[in-house]
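# Examining the three-dimensional arrangement
Here is how the chains run, residue by residue.
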Amino acid sequence: MRNTYFNSLQRLLAALLLLASGSAPAAICTFNVPSGNWSAVANWSGCSDAPGPSTRTPGIADIALIGSGAASFDVAATVAEFEIGAGATLTLIGGAPLTLTANNALRLNGGTLSTTNAASFPFFSVILAAGGNGQILATSTLSNTVELENRGLLQLNSASGTALNVRDLSRVVNVSGATFALGGGNARLHLDGQVPFTVQAGATLSTSGNVFIGKSMVSSGAPRIESFGSVAHVGPGTLTIQGIGNGSAAATLQVEGQLSITNGTLLCNGVGDNCRHQNGSSGSENLRIVLANGTYSRGGPSGTLTVPLGSKLVGSGIIDGTLGPFGLSGLLAPGAETGLPYGNLLITGGIGVVGAAQLRFDIGGNAPGSFDTLSVGGNARFAASANSTLRLQLAPGFTPALGTTFTLVSYASVFTEPGEPIFNLVDSNYALDFATRFTPNTLEVFTAPRIRVDDASLIEGNAGSATMTFNVRLSQASAQTVTAQLSSYPGTATDGTPPSGDYTAPFTTAVTFAPGQTLQPASATIYGDVVVEADEAFGLQLDRASVQNAALGNGVRGNPNAVGTIVSDDLPPGTRFVLVGKDSASGNIRRYTNTGTYLDTWNTLQPNAIGLPNTGLCFAPNGDVLTTRFAHTSPILFSRQGAVRNANFGSTPAFYFNRHESCVFDRFGNVYVGQAGGNDSQTDAQVPVLKFNPSGVLIDSFVVPTGPRGTDWIDLAGDQCTLYYTSEDTSVRRYNLCTRSALPPLTTTLTGLYCYALRLRPNRELMVACQESVHRLSPQGANLQTYTRQSIGETDAQGLFALNLDPDGTSFWTAGGLSGNVYRVDIASGAVLKTFNSGPGGVSGLAVYDELSDDVIFADGLEMPPVVVPITAKLQPLPECEREFWPDVRDMPPFVPSWMSVIVRDDGGCTR
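Residues numbered from 1 in each chain as written. Predicted model: local features only at pLDDT ≥ 70, side-chain atom pairs only at ≥ 80, totals over all residues. Heavy atoms only, no water.

## Notes on the overall build of the protein
Summing up its helical and strand segments, the protein has two helices and 78 strands in all. The buried share of the protein, reckoned over its 912 residues, is 56%. Per element, the accessible surface of the protein, about 35300 Å² overall, is 54% carbon and sulfur. (Helix = DSSP H or I, 4+ residues; strand = E, 2+ residues; numbered from the N terminus. Buried < 20%, exposed > 50% of the residue type's maximum accessible area, 1.4 Å probe, protein only. Areas by Shrake-Rupley, 256 points an atom, 1.4 Å probe, with all protein chains shown as cover.)

So, in structure tokens, the structure goes:
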């Protein structure tokens, strides 16, 4: 009855194909012998363009039916539809691989697709073309070396246990754009062979109701699903993934892509070890588990699941297992990833939060159900060494008062060791800061005052001692007692008493704010001497794990610190300083006066085995110094006088620099870092310019067009938009950060072979250090002056590398890349004003205190005053008796930055 129905339907489809094509008639070709070759015309009935015996084998417009018998596939074929019936076989013969393609429909109605070769990779490809419809209507088998390639929609709907048996070296591949749908109450995919079932990126495995995927018989190999696309299960019902026994017979669910469970259960039993969860195979591990009232069961609370770096666990539902023992280093977000709906995620076992893990909660109100929550049935651990982050997203308009508390996480117990539990960063989109409180059974967050420590300074003196006082502050009074601990550490100042020491401070200092208090002191003792020294500094760190009932601030990572500066009275007033970044010979930074007198060395904390060059040296608006360390894990941030502010600036386990070589701060304290890359063949996307906030949190990334060596050296124009950069060739490129668009190169004809450091002058001229010469370029890119390596005095053939501007506005600094020689050169004449050698090893970076740039207005202290150029302006009336003069000309004086405007108040009573 059923075959009669399908034969009628197929004839109708053939007629429709005939009418649609207007060409040769489509035929319903039926294999009509007990056994025989596909290529034999006589083995087919109905394969004719006119009434009578078959005149050909099935073609591209035909329906090919093998209802019974054993057909030998000996020639490649493409048909409109293919169907194989119960008991029938289609077997590839011969040694060559062949393909059978069904463009419109594929029906497996109980037969077997096979090959004669059982010991090689698949040679028989059966393809359901894109847009085609496939159905598994009765239990069917792929044996030996068959590849079923689904490019369309393949469906197995059964309430009675219909199965697709995949055996030996056969396999099913779900190609990008395709869907394999299993459902109906008892659909089964038996992976009894040795080759994985693959879901390519962009493809979907869709299951609904009760579905079984796994092993059905004792055989070699283990059932394995490798998904790079989407696995989506919709209940009610359970998707069971299972092997036979454990060990080598256990099933594997390997997911690199999305795994979603909606109103149902996915059972991959790790407790019985008959199903193992693996995260990806290519290393990117971009797993996304999305629950919508779904359950992912690992077989019970003791079954383990990991959410690795870069992966996500999002939604409302149940993880019947443990994220651990160190299972969460990616993102966990109960409810929606951002915003509504709010939800609860239950983990029946424990959780370990490690590495760069993120917990993200949306908060819309105080009442239960108006914010996301996480419930943990076992032990919770928040590792002290982690870069873990707690992110809070408040709904627009929701403004909780100071002290408002939200219980976000509940657990049976919390793991505590010294320094634990802790989040390395607590961040929110709300003006007030949030603090965390770990009780024995809950993690609470509450709006809290911010605690900070102010920098301090004191003149050294020639003898005796004095007290340096640090102010520890709360941003506002609290109704609770606030406690914290401070710890001191040396920088360019040495801990200890004279004659070798500069200061003493308690290694740890406890501070307590009673309710209502906002200021507490901390102190250190400073010792005077007559040794000629520069300003020196040491650090005072606020230990994040010790803070109770106060917050460290939104977007503040790690342990904030203050710097104590011992102000020198040993050097003449107005002494200027130069920082020299050394290469692998020393791996540190050396500080000199601008006359070449060595003062001290800044320890860049690079292991001796690395000793990598300190290249980019840039000043923050507050005077801090950031230095890139090339192949080290991160740059390092110092205070202006050499105390370490942040030894791992911008570094988290989630992020790796690609040869960070240069840096520049914007007006707001954010910093851009250029990456040279590890070799000359890396793509632009591999060497983006990175933007970090003042705390070292990555906030943006810019893929810019590069030359052979990435975004090698960078500088930022005064408009805060135009980025200038080199790529170790003869060009200076430009990019608009505000519009995220490439600009035409400023020049492409500099002296080769390589060009490196560059600096913008206040008059918008550009200085560029190339291997053989330093160039002075006009704002339009014309070469105004060339300072050759030989004229500067550099004899090493490796040439010049670093470059910076002197604050006098009339000279620049450069240095030999390998010689260690440092030069100060007069811009106008090219005369060398000063030369000194910085010791063994080359110079990989320079920084001159109070250096000038396109964003600096000349104020005072100039050796030569600027020439004042009149500004032609027009009067534009403004309210409240103000007048603003808008320049009528584009060229401003060289000492006026491009972002300045002039406001003039009329004191004449606004009558004119």
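Next comes the rest of the write-up.
## A few points about the sheet that holds strand β43 (residues 451-453)
Pairing between the strands of a sheet is mediated by backbone hydrogen bonds and can be parallel or antiparallel. Across the sheet, which stays open at both edges, the four strands sit in the order β43-β45-β49-β47 with antiparallel pairing between neighbours. Lying at the two open borders of the sheet, with one neighbouring strand each, are β43 and β47 (503-504). Note that β47 and strand β49 (residues 519-527) share two bridges and pair antiparallel. What sits directly across from Tyr 503, in β49, is Ile 526. (Pairing = 2+ DSSP bridges.)

## Some details on the state of the cysteines
Applying the stated rule across the entire model yields five disulfides. One disulfide in the model links Cys 29 with Cys 47; its S-S distance is 2.0 Å. Sign of the S-S torsion, about 85 degrees for the bond between Cys 29 and Cys 47, identifies this disulfide as right-handed. Note that Cys 29 is positioned in strand β1 (residues 28-31) and Cys 47 in the loop between β3 (44-45) and β4 (63-66), a separation of 18 residues in sequence. Cys 47 matches Cys 29 in its accessibility class, with the two residues each being buried. A sulfur-sulfur distance of 2.0 Å marks the disulfide that ties Cys 755 to Cys 770. (Disulfide = S-S within 2.5 Å.)

## Considering the packing of aromatic side chains
Counted by the stated rule, this structure contains 28 aromatic pairs. Centroid distance Tyr 756 to Phe 801: 4.6 Å. Interplanar angle 50 degrees. Geometry classified as tilted. In this pair, Tyr 756 is assigned in strand β67 (residues 755-760) and Phe 801 in strand β71 (residues 800-805), connecting sequence segments 45 residues apart. The pair formed by Tyr 756 and Phe 801 is uniform in burial state, with each residue classed as buried. Taken together, the ring pairs connect Phe 31, Trp 38, Trp 44, Phe 73, Phe 82 and Phe 124 into an aromatic cluster. Over the face of the ring belonging to Phe 577 we find Arg 591, whose NZ or CZ atom lies 5.7 Å from the ring centre. (Phe/Tyr/Trp six-rings, centres within 6.5 Å; stacked < 30°, edge-to-face > 60°. Lys NZ or Arg CZ within 6 Å of the ring centre and 35° of its normal.)

## As for the nonpolar core
Core analysis: the biggest nonpolar cluster contains 97 residues, and Trp 38, Phe 82, Leu 90, Leu 164, Phe 180 and Leu 359 have the highest contact counts within it. Excluding residues that lie within four positions of it along the chain, Phe 82 makes contacts with Trp 38, Ala 64, Ile 66, Leu 90, Leu 100, Ala 102, Ala 105, Leu 106, Arg 107 and Leu 113. Within the second largest apolar cluster, 39 residues are counted, among which are Leu 766, Leu 777, Phe 801 and Phe 836. (Core = buried A, V, L, I, M, F, W, Y, C linked by side-chain atoms within 4.5 Å. Contact = heavy atoms within 4.5 Å.)

## Details of the sheet that holds strand β75 (residues 843-848)
Taken in spatial order, the four strands make up an open sheet running β54-β53-β52-β75, and their pairing is antiparallel. The sheet is open, and its two borders are formed by β54 (598-602) and β75, each paired with just one other strand. Strand-to-strand, the axes of this sheet are offset by a mean angle of 20 degrees, without reference to chain direction. Where strand β52 (residues 577-582) meets β75, five bridges bridge the pair, whose relative direction is antiparallel. Pairing of Gly 581 across the sheet is with Gly 845, part of β75. (Axes fitted to C-alpha atoms, helices over the stretch in contact; angles between N-to-C directions.)

## Some points on the side chain of Thr 91
Take Thr 91: it is sitting in strand β7 (residues 89-92). What makes Thr 91 buried here is its relative accessible area of 17%. Contacts of Thr 91, omitting those with residues within four sequence positions, involve Ala 71, Ser 72, Phe 73, Ser 114, Thr 115 and Thr 116.

## Overview of the pattern of salt bridges
In the structure shown here, the tally under the stated rule is 29 salt bridges. Linking Glu 444 and Arg 437 is a salt bridge whose minimum nitrogen-to-oxygen distance equals 2.9 Å. For Glu 444, a relative accessible area of 16% corresponds to the buried category. A salt bridge links Arg 733 to Asp 729, with the nearest nitrogen and oxygen atoms 3.0 Å apart. Of the two residues, Arg 733 and Asp 729, both sit in the buried class. What emerges from the salt-bridge pattern is a single network uniting Asp 49, Arg 56 and Asp 62. (Salt bridge = Lys/Arg side-chain N within 4 Å of Asp/Glu carboxyl O.)

## Here's the deal with the confidence of the model for the protein
The pLDDT averaged across the protein works out to 87; a share of 89% of its residues lies at or above 70. Residue range residues 1-24 is modelled with pLDDT below 50. Its contacts to residues more than four positions away, or to other chains, number 27 contacts. Scored below 50 in pLDDT, residues 857-912 shows 71 contacts in the model against residues more than four places distant or in partner chains. (pLDDT = per-residue confidence, 0-100.)

## Structural notes on the pairing of strand β60 (residues 671-675)
Most of β60 is tucked away, with five of its five residues classed as buried. As paired strands, strand β59 (residues 660-665) and β60 are joined by five bridges and run antiparallel to one another. Paired with Phe 665 across the two strands is Val 671, which belongs to β60. The antiparallel hairpin formed by β59 and β60 contains five residues in its connecting segment, where Gly 669 sits at a positive phi of about 90 degrees. Where β60 and strand β61 (residues 689-692) come together, three bridges link them in antiparallel fashion. Bridge assignment links Val 671 to a residue of β61, and that residue is Phe 692.

## Re the pairing of strand β41 (residues 433-438)
Where β41 lies against strand β42 (residues 442-448), six bridges are found, and the strand directions are antiparallel. Each bridged residue has a counterpart across the sheet, and for Phe 438 the counterpart in β42 is Leu 443.

## So, the environment of Gln 485
Position of Gln 485 among the secondary structure elements: in strand β46 (residues 482-490). For Gln 485, a relative accessible area of 36% gives the class partly exposed. Put simply, Gln 485 and Thr 512 are 27 residues apart on the chain and 8.9 Å apart in space, counted from C-alpha to C-alpha. Apart from the residues lying within four places of it in its own chain, the contact partners of Gln 485 are Thr 509, Ala 510, Gln 541, Leu 542, Asp 543 and Ser 546.

## Quick look at the environment of Asn 783
If you trace the backbone, Asn 783 turns up in strand β70 (residues 783-788). Taking the C-alpha atoms as reference points, Asn 783 and Glu 765, separated by 18 residues in sequence, lie 9.9 Å from one another. Among the polar contacts made by the side chain of Asn 783, one reaches the side chain of His 775 at a distance of 3.0 Å. Within the local environment of Asn 783, its side chain forms a polar contact with the side chain of Thr 786, the two groups lying 2.9 Å apart. (Polar contact = N/O pair within 3.5 Å; in protein donor to acceptor, adjacent residues only side chain to side chain.)

## Here we look at the side chain of Thr 565
Within the fold, Thr 565 resides in strand β51 (residues 561-567). Note on Thr 565: relative accessible area 16%, which makes it buried. Excluding anything up to four places from it in sequence, Thr 565 contacts Ala 456, Ser 457, Leu 458, Met 468, Asp 535, Glu 536, Ala 537 and Gln 641.

## Focus on unusual backbone geometry
Residues apart from glycine generally show negative phi values, whereas peptide bonds are mostly found in trans. The omega angle of the peptide bond from Gly 235 to Pro 236 is 5 degrees, so this bond is cis rather than trans. Tracing the sequence through the fold places Pro 236 in the loop between β23 (230-234) and β24 (238-242). That bond from Leu 340 to Pro 341 is cis: its omega, -5 degrees, falls within 30 degrees of zero. Along the polypeptide, Pro 341 turns up in the loop between β33 (331-334) and β34 (344-347). Its identity as a non-glycine residue notwithstanding, Asp 850 has a phi of 65 degrees, on the positive side. With respect to the helices and strands, the residue Asp 850 is situated in the loop between β75 and β76 (873-877).

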